[in-house]
Structure formats: C-alpha cells, structure tokens
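A structural walkthrough
Listed below, chain by chain, are the residues.
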Amino acid sequence: MAALTSVEAVTTPRRIAAGEFTATALCRAFLDRTAANDPGIGAFLTVDAEGALAAAASIDARVARGESLDALPLAGVVVAVKDNLATRGLRTTCASKMLADYIPPYDAHVVGRLRAAGAVIIGKTNLDEFAMGSSTENSAFFSTCNPWDRTRTPGGSSGGSAAAVAARFCQVALGSDTGGSVRQPAALTGVVGFKPTYGRVSRYGLVAFASSLDVVAQFGATVADAALLFEAVAGADPRDATCVERPVERPDFTRGVAGLRGLRVGIPREYFRDGLDADVREGVRAALDALAREGASLVDLSMPHTAAAIATYYVLAPAEASSNLARFDGVRFGRRVEAAELLGMYGATRERGFGAEVKQRILLGTFALSAGYSDAIYGKAQRVRTLIARDFTEAFAQVDVIATPTSPTVAFKLGARTTDPLAMYLADACTLPPSLAGVPAISVPTGLGRSGLPVGIQLVGPVFSEVRLLAVAHGVESLLGRVGAP
Ligand code: GLN
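Residues numbered from 1 in each chain as written. Predicted model: local features only at pLDDT ≥ 70, side-chain atom pairs only at ≥ 80, totals over all residues. Heavy atoms only, no water.

Description of the overall build of the protein chain
The helix and strand tally for the protein chain stands at 15 helices and 11 strands. Taking 2.2 N^0.38 as the reference for a compact globule, 486 residues should give roughly 23 Å; the C-alpha atoms of the protein chain span a radius of gyration of 21 Å, in line with that estimate. Considering only C-alpha atoms, the protein chain reaches an extent of 65 × 55 × 45 Å along its principal axes. A buried classification covers 59% of the 486 residues belonging to the protein chain. Taking the intrachain contacts of the protein chain between residues at least 6 apart in sequence as the baseline, contacts between residues at least 24 apart amount to 76%. Put simply, the protein chain has 48 plus and 47 minus side-chain charges, and the middle of one group is 1 Å from the middle of the other. (Helix = DSSP H or I, 4+ residues; strand = E, 2+ residues; numbered from the N terminus. Rg over C-alpha atoms; globule rule 2.2 N^0.38 Å. Buried < 20%, exposed > 50% of the residue type's maximum accessible area, 1.4 Å probe, protein only. Contact = heavy atoms within 4.5 Å. Lys, Arg positive; Asp, Glu negative; His and termini not counted. Charge placed at Lys NZ, Arg CZ, Asp CG, Glu CD.)

The following block contains the structure:
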C-alpha cells in the first residue's frame, strides 16, 4: 500500500471503518512526516500531537466497539487549522505578538463542527499577522516556505495551511479568505482552495479582520477533499448574524469531464492584461483550450471595474480592520504592556504588540474613516464596490462561470516584495473582485509551468452556486489532471 500520507480525505472514513488502517496509524503517519519535514517549511505554529492522537483513538475505539462511522463524515481525517480560528485549550496567536500566549476558552464554530464530524486536528498553521498579507512573511514568528521551492513564498495569508496540504502534513486544512488568502496560496502551492459565498460558513471564533469580506475557506489536495471539508463546516449558526440558513447540498461529482459540455465560461479580458507571468498566461490558456475541446463555450467578456478592485479593497479592508483591531488594547485580550497611566498602557501595548503591516493598515483605515474624509475615501470605495459587484451580476446573466488566473505570478522569492507594499498588493489583483462581490470562487491547479512551479485557474460562480461550482471544478480537475506532491 502507498504511504498513508497519500490517502484522500474522502475515502478515509470508509477505509478506517473497513479496518484497512486505524485512525491512530494515519494520524501518526502525518505527525511523523510533519516532525521530520516541517522544520524546513514552517507550516505550523503549533502541532498538537497529544490532542490529535486522542481524537484518533476515540475513532478507533468506536470501530473496536463495532459502532458505525456513518454519522462522522470526517472520521479520522487529519485537518490543520489556520491560527486565527479559535481552538479551545490550544494556543491561537493570529501570528501576532499581541496574542502570542492566548489560549481560547472556546472553539470557533467551524472547529466545533470538525470535532463533531470526527476530524483529527493536527495543529495550527502559520499566517500573515491577523491575515494581513499575501506571502506569510508578515507572521511575527517566522515565514513559511513553499514546499516546491523553499526559497519562495507559499503565498498568503493562509500560507501555512496551503504548505501543510501541499507537503502532505495533513489531508485538508481550513483558512480564511478575505481578499484571496486561501485561493492565492492554493495556486502557489499546487492545491485546491475554495472560498464559499460570503455568509455560507459561520465566522464565530474567526478573529475578525474585515467583517464585510471575511470567509472561512477550505484547502484540499483535490476538489472532492476540499468539498468534503466545506460540507462539514458550512451551514447556519445563530452566533454569526451574517450566516445564512440554507441547506448545504452535496455536489454531484459523477459527471466528471462530461459535465463541461455546453458550459458557458466567461473570460473577462481585464484579467489577462499586463503583469501576468508567462507560466500563468500559458497554463490558464491551455486549460481554457482544453475546456473548449470538451464542448464548453468560451465567452469573451468585459468587467470594466476590475482594475479598481485593489484601490477599493485597500481602503475598505483597512477601515474595517482599524475598527476590529481596536479591541486589542491590553485590557481584555492578549498582551498588555504596563505604563504609568491608561493611555500610555494602550499605546505601549499596541506599539509592541502589532507588527509593521498591521500598524500601517490601522493608520490607513483610521484615516479613511476620519471626520471630513470618510465620505470622500470610505464612502467612495463603498460605491465602487457596488460597481464591481454589478460587473459580476451582469456577467452571470450571460455565463455560468467565470475563469481567470488565480494569481498573476507563480510563487515569488521570499523577501522579494517585503519592502514594496504595492508589489505585494498586486498579488491580489485577480482574487479581490470576487471577494468584494461576495461570490464563491475556487482555485484549481492547471499544472506546473516551465519554472517547475504550480499555476492555478480561478473559477467564479454566482452567489450560493457552490454545488455547481464545485462540480465544474471537479470536471476541470479531471480534465487537467493533478499536479501531485512536490
Ligand atoms: N492579501 C490580502 C491582504 O493582504 C488578502 C488577505 C486575506 O484574504 N486575508 O489583505
């Protein structure tokens, strides 16, 4: 039998139930692989071997008692969780000095759902501090390396989760996607990254960054694995007022490539302009040609407000962040730096607790919301956001899905953009518009470019079209094949 670390999440519960291997053996295989290889990658901030083995043992005990695993869709599945999702009793840092020693007294909704579904949580993954960044280099602790080339970034902000799936330190992983933080690192590491519709998954226990954009999102080595994780965590939760009450349906993966026949695929020309790496241009073009050969019709589109997305997002997200991060004042959560009087304590705590990018965003966001400027800056960005969303509504009157590159470039060198925030923000050019529109989007690997690095194609659907979008993504994956492990 091939190594246990290559077992797919979707087949895991039934193989454990059939006695092919135990949950404990599977868990140990991932723990051993992580212990041996993560020191060179830096995917994890915390590995919880004890908790993971205890969860695995409880699955094995059920099997030993002759109980069915049917009610546990993730029985024994080894999952990593981004370190901005609260885990009861397990350090949750947001990769910030502010929360370096924070141990939550509760589980995020999605973490509770994982446990209830029988998942084995192996640890907490590295990220850009408070999920602000596109390379995982803004972590206050260390940068994560790309398993395909350790001198390069895995992308961000969920770079730890992406690297963990790519390097096979876990089967699937949770991240958060505010402006591309799951899709972009998925593309850069050759895995699947799925951002559901805004409001589809509860954010209770996700440390808030930009509340009108934050979505809990899923990584898998395959579309089916990412979909399995999505199904397990999605659905209503009264503790998140934006979370909708709609049943979560199961995507139909039986049609494979045949499901692509007759599909109308919109190709917005604004996403194929300057600044694309040749590898990305060629990889995405080849994928689109393959779709056309299977009978999909490619529809040339214009989405005229696309170029405004970066400026719009980098007003709205910092504005919301400046408000959300006001709670880290040394009084209630996390770190406190003592000073002679109250204002001094606030200042010292925030000065020492936050890193440079977070401070920069708090300053920008506070300015954008300040009296006399808020309508000209924040209000205007809100109005442009409406135009960007309208581009999508109009496009979906003509097509079923939209296809774009996920990232304009392949994985860039560590350090290459750290002193140039604009270059870093350009990494989000293709993922920001769907975030601003609230629509679901998925990155699927197209293969390796001439550089030997992975490329991803982004598929975008109308709101709440997850089931259809996942089926299309599965067809595309069947057509293009998988990139495999580095
Ligand atoms: N890279 C974007 C940013 O820096 C998106 C981050 C995210 O989706 N969390 O804000």
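Description of unusual backbone geometry
Following Gly 156, the chain continues into Ser 157 via a peptide bond in cis, with omega recorded as 10 degrees. Here Ser 157 shows up in the loop between strand 3 (120–125) and helix 5 (159–166). With a phi close to 65 degrees, Thr 136 is a non-glycine residue in the positive phi region. As for its position among the elements, Thr 136 is in the loop between strand 3 and helix 5. For Thr 136, a relative accessible area of 0% corresponds to the buried category.

Description of helix 4 (residues 109–116)
Residues of helix 4 that are buried: His 109, Val 110, Val 111 and Leu 114. Where helix 4 is buried, its residues meet strand 2 (78–82), strand 3, strand 4 (172–177), strand 6 (215–220) and helix 7 (223–233). One or two positions beyond helix 4, positive phi appears at Gly 118, with a value near 90 degrees.

Examining the pairing of strand 2
Counting buried positions over the five residues of strand 2 gives five, a clear majority of the element. By the alternation rule, side chains of strand 2 split into Val 78, Ala 80 and Lys 82 and Val 79 and Val 81, which are all buried. Relative to strand 3, strand 2 is paired through five bridges, and the arrangement is parallel. The partner of Val 79 across the bridge, within strand 3, is Ile 121. Where the polypeptide runs from strand 2 across helix 4 and back to strand 3, its parallel neighbour, the crossover connection is right-handed. Relative to strand 4, strand 2 runs parallel, the two sharing three bridges. Across the sheet, the residue bridging to Val 81 is Leu 174, located in strand 4. (Pairing = 2+ DSSP bridges. Right-handed = clockwise from strand over helix to strand, strands pointing away.)

Comments concerning the sheet that holds strand 7 (residues 264–268)
The strand order 1-3-2-4-6-5-10-11-9-7-8 describes an open sheet built from 11 strands, whose pairing is mixed. For this open sheet the edge positions go to strand 1 (44–47) and strand 8 (297–301), each flanked by a neighbour on one side alone. The average angle at which neighbouring strand axes cross in this sheet is 30 degrees, direction not considered. One ladder, built from five bridges, connects strand 7 with strand 8; its direction is parallel. Each bridged residue has a counterpart across the sheet, and for Gly 266 the counterpart in strand 8 is Val 299. (Axes fitted to C-alpha atoms, helices over the stretch in contact; angles between N-to-C directions.)

Here we look at the nonpolar core
Within soluble globular proteins, side chains that are nonpolar generally end up buried alongside one another. Counting 105 residues, the largest nonpolar core has Leu 114, Phe 130 and Phe 392 as the members making the most contacts within it. Excluding its chain neighbours within four sequence positions, the residues that come into contact with Leu 114 are Leu 74, Val 79, Val 81, Ala 119, Ile 121, Leu 174, Leu 229 and Val 233. Counting 36 residues, the second-largest nonpolar core is a separate cluster that includes Leu 4, Cys 27, Leu 31 and Ala 217. (Core = buried A, V, L, I, M, F, W, Y, C linked by side-chain atoms within 4.5 Å.)

Points about the site of the ligand
Taken together, 15 residues sit near the ligand, with Thr 178, Gly 179, Ser 181, Tyr 313 and Arg 361 positioned nearest. Here an oxygen atom of the ligand sits 2.7 Å away from a polar atom, N or O, in the side chain of Ser 181. At 3.0 Å from a nitrogen atom of the ligand is found a side-chain nitrogen or oxygen belonging to Asp 428. Compared with its free state, where it exposes 290 Å², the ligand has 100% of that area covered by protein. Along the lines of polarity and charge, the residues of the shell around the ligand split into five nonpolar, seven polar and three charged. (Near = heavy atom within 4 Å. Polar contact = N/O pair within 3.5 Å; in protein donor to acceptor, adjacent residues only side chain to side chain. Areas by Shrake-Rupley, 256 points an atom, 1.4 Å probe, with all protein chains shown as cover. Nonpolar A, V, L, I, M, F, W, Y, C, P; charged D, E, K, R; others polar.)

Focus on the pattern of salt bridges
Tallying each qualifying case throughout the model produces 22 salt bridges. Residue Lys 359 is joined to Glu 351 by a salt bridge in which the shortest nitrogen-to-oxygen separation is 3.5 Å. With a relative accessible area of 25%, Lys 359 lands in the partly exposed category. On the basis of relative accessibility, which here comes to 49%, the residue Glu 351 falls in the partly exposed class. Several salt bridges share partner residues, and in doing so they unite Arg 62, Arg 65 and Glu 67 into one network. (Salt bridge = Lys/Arg side-chain N within 4 Å of Asp/Glu carboxyl O.)

Some remarks on the environment of Arg 361
Along the chain, Arg 361 falls in helix 11 (residues 356–369). For Arg 361, a relative accessible area of 2% translates into the label buried. Placed 39 residues apart in sequence, Arg 361 and Ser 322 show a C-alpha to C-alpha distance of 7.0 Å. If sequence neighbours within four positions are ignored, Arg 361 has contacts with Met 132, Gly 133, Phe 209, Tyr 314, Pro 318 and Tyr 425. In this structure the side chain of Arg 361 is engaged in a polar contact, spanning 2.7 Å, whose partner is the side chain of Glu 357.

Remarks on the packing of aromatic side chains
Here the distance between the centres and the angle between the planes together describe a pair of aromatic rings. Applying the stated rule across the entire model yields 11 aromatic pairs. Seen from their ring centres, Phe 328 and Phe 354 are 6.5 Å apart, and the 90 degrees between their planes marks the pair as edge-to-face. Remark: Phe 354 occurs in the loop between helix 10 (342–353) and helix 11 and Phe 328 occurs in the loop between helix 9 (309–324) and helix 10; sequence separation between them is 26 residues. Considered together, Phe 328 and Phe 354 belong to a single accessibility category, that of buried residues. (Phe/Tyr/Trp six-rings, centres within 6.5 Å; stacked < 30°, edge-to-face > 60°.)

Observations concerning the environment of Trp 148
Tracing the chain through its elements places Trp 148 in the loop between strand 3 and helix 5. Along the backbone, Trp 148 and Ala 411 are 263 residues apart, and their C-alpha atoms lie at a distance of 9.1 Å. Not counting residues within four places of it along the chain, the set of residues in contact with Trp 148 comprises Leu 188, Thr 189, Gly 190, Leu 448, Gly 452, Leu 453, Pro 454, Val 483, Gly 484, Ala 485 and Pro 486. Among the polar contacts made by the side chain of Trp 148, one reaches the main-chain carbonyl oxygen of Thr 189 at a distance of 2.8 Å.

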